[in-house]
Amino acid sequence: MKVNIDRLTRSILVRLDESPEILEDAVEYGSESFDLREMIRQLLPEVAEEVLLRDDYHEDLQEWFPMDGAVMRVQGAGEATRRIFPLPEDCLVFLYLRMSDWTYPVTELVPAALLSFRRMRDRERMASRVGSGSYRSKGIPAVAATRHDGRRALEIFGSVNGSRVAEGGYLPRPRADDEGNLIFPPSLTGRLIERSVEVINAIRR
């Protein structure tokens, strides 16, 4: 899931009605230190992040990173067991998650108010269980954003103990790698070019 930064830069320059051939020699605007090509390179990660946070591109999106790993069971004093799935450190956008006992994935996160309600309901169920039978959390699948041990995580509802993450997907925070690429979905390149042109034109006015 990479896009070549040089190609992106040339495409943006063309859309700006500039000549990439002339700008090979670093045509300057306004001052001796102003290099449009370098400005585009510096802006790309920030503009790319803005594009991914707009949330209006899902019909066009064709690439993402998979999410996998172990689900942790944590419990605080007087609380029902919580099922926590740590998010990848570079996660910018959650796309979907399906547990092994779910028939369909969850694609939207539960709002904070509903998260509090579900925790309260789980505590009540835990307190009312009879004998030594263990409480198995099984209900409507849901996922909420939370934090655990100082990092972002997902809290999973409606999945039985012993289930695992069957599949999941996310979009990482855009960044330049060591090979001159931008970590960004190629299927959204057109949107990135369009927004970059808008931002640069606004700066140059």
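Read on for an overview of the structure. Bear in mind that the values here come from a model prediction, so they are computed numbers and not experimental data. (Residues numbered from 1 in each chain as written. Predicted model: local features only at pLDDT ≥ 70, side-chain atom pairs only at ≥ 80, totals over all residues. Heavy atoms only, no water.)

## What about the overall build of the protein?
- Across its full length, the protein carries five helices and 10 strands.
- Partitioning the intrachain contacts of the protein with sequence separation of at least 6 by distance along the chain shows that 73% fall at a separation of at least 24. (Helix = DSSP H or I, 4+ residues; strand = E, 2+ residues; numbered from the N terminus. Contact = heavy atoms within 4.5 Å.)

## Let's talk about unusual backbone geometry
- One non-glycine residue, Asp55, lies in the positive phi region at around 65°.
- Examined against the element boundaries, Asp55 turns out to sit in the loop between helix H3 (36–53) and strand E2 (65–66).
- The phi dihedral of Asp149 is positive, around 55°, even though this residue is not glycine.
- Assignment of secondary structure puts Asp149 in the loop between strand E7 (142–148) and strand E8 (151–157).
- Look at Asp149 and you get exposed, because its relative accessible area is 71%. (Buried < 20%, exposed > 50% of the residue type's maximum accessible area, 1.4 Å probe, protein only.)

## Re the sheet that holds E2
- Sheet architecture is open: three strands sit in the order E2-E9-E5, paired in antiparallel fashion. With one partner strand each, in any of the chains shown, E2 and strand E5 (91–99) form the two edges of the open sheet.
- Both E5 and strand E9 (residues 165–172) contribute to a ladder of seven bridges, which runs antiparallel. Within E9, the position partnered with Met99 by the bridge is Val165.
- Here H3 sits on the sheet in contact with E5 and E9, set at roughly 40° to E5. (Pairing = 2+ DSSP bridges. Axes fitted to C-alpha atoms, helices over the stretch in contact; angles between N-to-C directions.)

## Details of the nonpolar core
- Among the nonpolar cores identified, the biggest contains 30 residues, and Ile12, Ile40, Leu52, Phe184, Leu192 and Ile200 are the most heavily contacted of them.
- Elements represented by at least two residues in this core include exactly helix H1 (5–15), H3, E5 and helix H5 (189–204).
- With nine residues, the single largest contributor to this core is H3.
- Every residue in contact with Ile12, bar those within four places of it in the chain, is listed here: Ile40, Leu44, Ile193, Ser196, Val197 and Ile200.
- Residues Val71, Val106, Val143 and Ile156 belong to the second largest nonpolar core, which totals 15 residues. (Core = buried A, V, L, I, M, F, W, Y, C linked by side-chain atoms within 4.5 Å.)

## Quick notes on the sheet that holds strand E4 (residues 82–86)
- If you walk across this open sheet you meet the five strands as E3-E4-E8-E7-E6, and the pairing is mixed. On the outer flanks of this sheet lie strand E3 (72–74) and strand E6 (109–110), each paired with one strand and no other.
- Relative to E8, E4 runs antiparallel, the two sharing four bridges. Paired with Phe85 across the strands is Leu154, a residue of E8.

## Observations regarding the pairing of E7
- Burial runs high along E7: five of the seven residues are buried.
- Here E6 runs beside E7; their pairing, made up of two bridges, is parallel. In the strand pairing of E7, Val110 is matched with Ala144.
- Between E7 and E8, which pair antiparallel and follow one another directly, the connecting turn spans two residues, one of which, Asp149, has a positive phi of 55°.

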